[in-house]
Amino acid sequence: MEQLLRAELRTSTLRAFGSPGAGCISEGHAYDTDSGPVFVKVNRRTQARQMFEGEVASLQALRSTGTVRAPRPIKVIDLPGGGAAFVMEHLKMRSLSSQASKLGDQVAELHLHNQKLRDKLREQESTVGRRAEGAVPQHVAKFGFHTVTCCGFIPQVNEWQDDWPTFFTRHRLQAQLDLIEKDYADREARELWSQLQVKIPDLFCGLEIVPALLHGDLWSGNVAEDDSGPIIYDPASFYGHSEFELAIALMFGGFPRPFFTAYYQKVPKAPGFDRRLLLYQLFNYLNHWNHFGQQYRGASLSTMRKLLK
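As the structure is a computational prediction, the values presented were derived from the model and not from experiment.

**Student:** Is there a simple way to think about the overall build of the protein in this case?
**Tutor:** When helices and strands are tallied, the protein shows nine helices and 11 strands. Relative to its length of 309 residues, the protein is compact, with a C-alpha radius of gyration of 20 Å against a globular reference of 19 Å. Taken over the C-alpha atoms alone, the protein extends approximately 60 × 60 × 35 Å along its principal axes. Partitioning the contacts of the protein with sequence separation of at least 6, the portion at a separation of at least 24 is 65%. Just so you have it, the protein exposes about 15,000 Å², and 49% of that area is on carbon and sulfur atoms. Averaged over its 36 positive side-chain charges, the protein has a centre that lies 2 Å from the centre of its 34 negative ones.

Right under this line is the structure:
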């Protein structure tokens, strides 16, 4: 692989440093190159290129908002024998601690970014005279994303929808439950889902949801900090409901309390937040069931039962 990287990156220097990392989905390697240090994720799955291209698009979208810091993507490379490698900027990271409050503030700004674009556009349209074409970036009025992204190794359909409950039910929950039906044919999951899906619209009554650009997989293993501030990485982005992001931030170890304090100062909880949080956590339990097996069945089914009470 190193010969391939030398050629693709056009570097004479390619010196590995640090110890290779094995994540849940891909393995990682760090190298010094003529242009500076890079981090390379390697995945041998047949859909690795699609997975990494979705990550590139996600990182580009997040970085373009100017609200959060994320690694700069460099290149996706096909590997001989199958799979792909994703080369990105190397950032020297440590676990999130002192920068948790700042990250909460930045994630809130990320979630508000599209709404602020919309409000600015409306303000300009209401003033006398036509605005200059291209003067303001266009806001996004629908839910979805311009390409497939993967949460873990599972590809997610991001076809644009006008309605958030429809998008979330069809392209997130139903998609996960279809995989569970295919692999496990779990009767209890099927029966609980048939009762739950008709109740989902009730959780969104009276709520205005402006599409927010999301990281899409913002758990404690996908955030870090360095001396310059917080960093987020490994995204699975799309435009969705900002509350969706907070579900996994409260799971699997969770974030430090200052993150949430700072976040809620800018994006306060809306009525019904706790019930919807359960719904969004259901997605993450189902996704883990599909990735890691039956150990997540109990949490998935108990969350569905809670939502039906």
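**Student:** Help me understand the pairing of strand E5 (residues 84–89), please; the structure alone is not making it clear to me.
**Tutor:** Put simply, side chains in a regular strand alternate between the two faces of the sheet. The buried fraction of E5 is high, at five of six residues. Here strand E3 (residues 36–43) runs beside E5; their pairing, made up of six bridges, is antiparallel. The residue bridging Val-42 from the neighbouring strand is Ala-85, located in E5. Summarising the sheet, strand E4 (residues 73–78) and E5 pair through five bridges and their orientation is antiparallel. Across the sheet, the residue bridging to Val-76 is Phe-86, located in E5. Connecting E4 to the antiparallel partner E5 that follows it, the hairpin turn spans five residues, and Gly-81 within it adopts a positive phi of roughly 90°.

**Student:** Would you explain the pattern of salt bridges in this entry?
**Tutor:** As a working rule, side chains carrying opposite charge can pair if their charged atoms are close by. What the rule picks out here adds up to 23 salt bridges. Notably, a salt bridge pairs Asp-234 with Lys-41, separated by 2.9 Å at the nearest N-O pair. One end of the pair, Asp-234, is in the loop between strand E10 (229–232) and strand E11 (238–240); the other, Lys-41, is in strand E3, with 193 residues separating them in the sequence. Looking at Lys-41, the relative accessible area reads 11%, which means it is buried. Among the salt bridges present, the one from Asp-186 reaches Arg-297, with a minimum N-O distance of 2.5 Å. Placement of the pair is Asp-186 in the loop between helix H4 (164–184) and helix H5 (187–196) and Arg-297 in helix H9 (residues 297–308), with a sequence separation of 111 residues. Assessed through its relative accessible area of 26%, Arg-297 is described here as partly exposed. Within the structure, one salt-bridge network assembled from shared partners comprises Asp-105, Glu-109, Lys-116 and Lys-266.

**Student:** What's the story with the domain arrangement of the protein in this structure? I'm lost.
**Tutor:** For an interface, size is often stated in terms of accessible area lost upon the parts coming together. Assigned domains of the protein: these are domain 1 (15–90) and domain 2 (95–125 + 139–308). Using C-alpha coordinates to define each centre, domain 1 is positioned 23 Å away from domain 2. In this complex, domain 1 contributes 20 residues to the contact, which on the side of domain 2 involves 30 residues. The three residues of domain 1 that bury the most area against domain 2 are Leu-62, Thr-67 and Arg-69, which together make up 30% of that side's buried surface. The interface formed by domain 1 and domain 2 holds two salt bridges in total. Here the side of domain 1 that touches domain 2 takes nine residues from helix H2 (residues 48–64), the largest share from any one element. Class assignment for the residues of the side of domain 1 that touches domain 2 results in 10 nonpolar, six polar and four charged.

**Student:** Would you take a moment to explain helix H7 (residues 257–266) for this structure?
**Tutor:** At 3.6 residues per turn, the α-helix brings residues three or four places apart onto the same side. For H7, the full list of buried residues reads Phe-259, Phe-260, Ala-262 and Tyr-263. In a view along the axis of H7, the buried residues occupy a sector of 165°, so they form one face of it. Turned more than 90 degrees away from the buried face of H7 sit Arg-257 and Gln-265, all of them exposed. The inward-facing, buried residues of H7 abut helix H3 (100–126) and helix H6 (242–249).

**Student:** Whenever I open this one, the packing of H4 against helix H8 (residues 273–292) confuses me. Can you help?
**Tutor:** Two numbers describe how H4 lies on H8: the axes approach to 10 Å, and their chain directions differ by 30°. Classified by the angle between their axes, H4 and H8 sit roughly parallel to one another. For the pair H4 and H8, the crossing hand works out as left-handed. Residues Trp-164, Phe-168, Arg-172, Leu-173, Gln-176, Leu-177, Leu-179, Ile-180 and Tyr-184 of H4 lie in contact with H8, whose contacting residues are Leu-279, Tyr-280, Leu-282, Phe-283, Leu-286, Asn-287, Trp-289 and Asn-290. Across the contact of H4 with H8, the residue classes break down as 13 nonpolar, three polar and one charged.

**Student:** Please explain the environment of Phe-292 as it appears in this structure.
**Tutor:** Following the sequence through the fold, Phe-292 ends up in helix H8. As a C-alpha pair, Phe-292 and Cys-24 span 268 residues in sequence and 9.5 Å in three-dimensional space.

About the thresholds
- Residues numbered from 1 in each chain as written.
- Predicted model: local features only at pLDDT ≥ 70, side-chain atom pairs only at ≥ 80, totals over all residues.
- Heavy atoms only, no water.
- Helix = DSSP H or I, 4+ residues; strand = E, 2+ residues; numbered from the N terminus.
- Rg over C-alpha atoms; globule rule 2.2 N^0.38 Å.
- Contact = heavy atoms within 4.5 Å.
- Areas by Shrake-Rupley, 256 points an atom, 1.4 Å probe, with all protein chains shown as cover.
- Lys, Arg positive; Asp, Glu negative; His and termini not counted.
- Charge placed at Lys NZ, Arg CZ, Asp CG, Glu CD.
- Buried < 20%, exposed > 50% of the residue type's maximum accessible area, 1.4 Å probe, protein only.
- Pairing = 2+ DSSP bridges.
- Salt bridge = Lys/Arg side-chain N within 4 Å of Asp/Glu carboxyl O.
- Domains from an automatic or database assignment.
- Buried area = accessible area lost by both parts, 1.4 Å probe.
- Nonpolar A, V, L, I, M, F, W, Y, C, P; charged D, E, K, R; others polar.
- Arc of directions from axis to C-beta.
- Axes fitted to C-alpha atoms, helices over the stretch in contact; angles between N-to-C directions.
- Parallel < 35°, antiparallel > 145°, perpendicular 65-115°, else oblique.
- Left-handed = near helix turned anticlockwise from the far one by under 90°.

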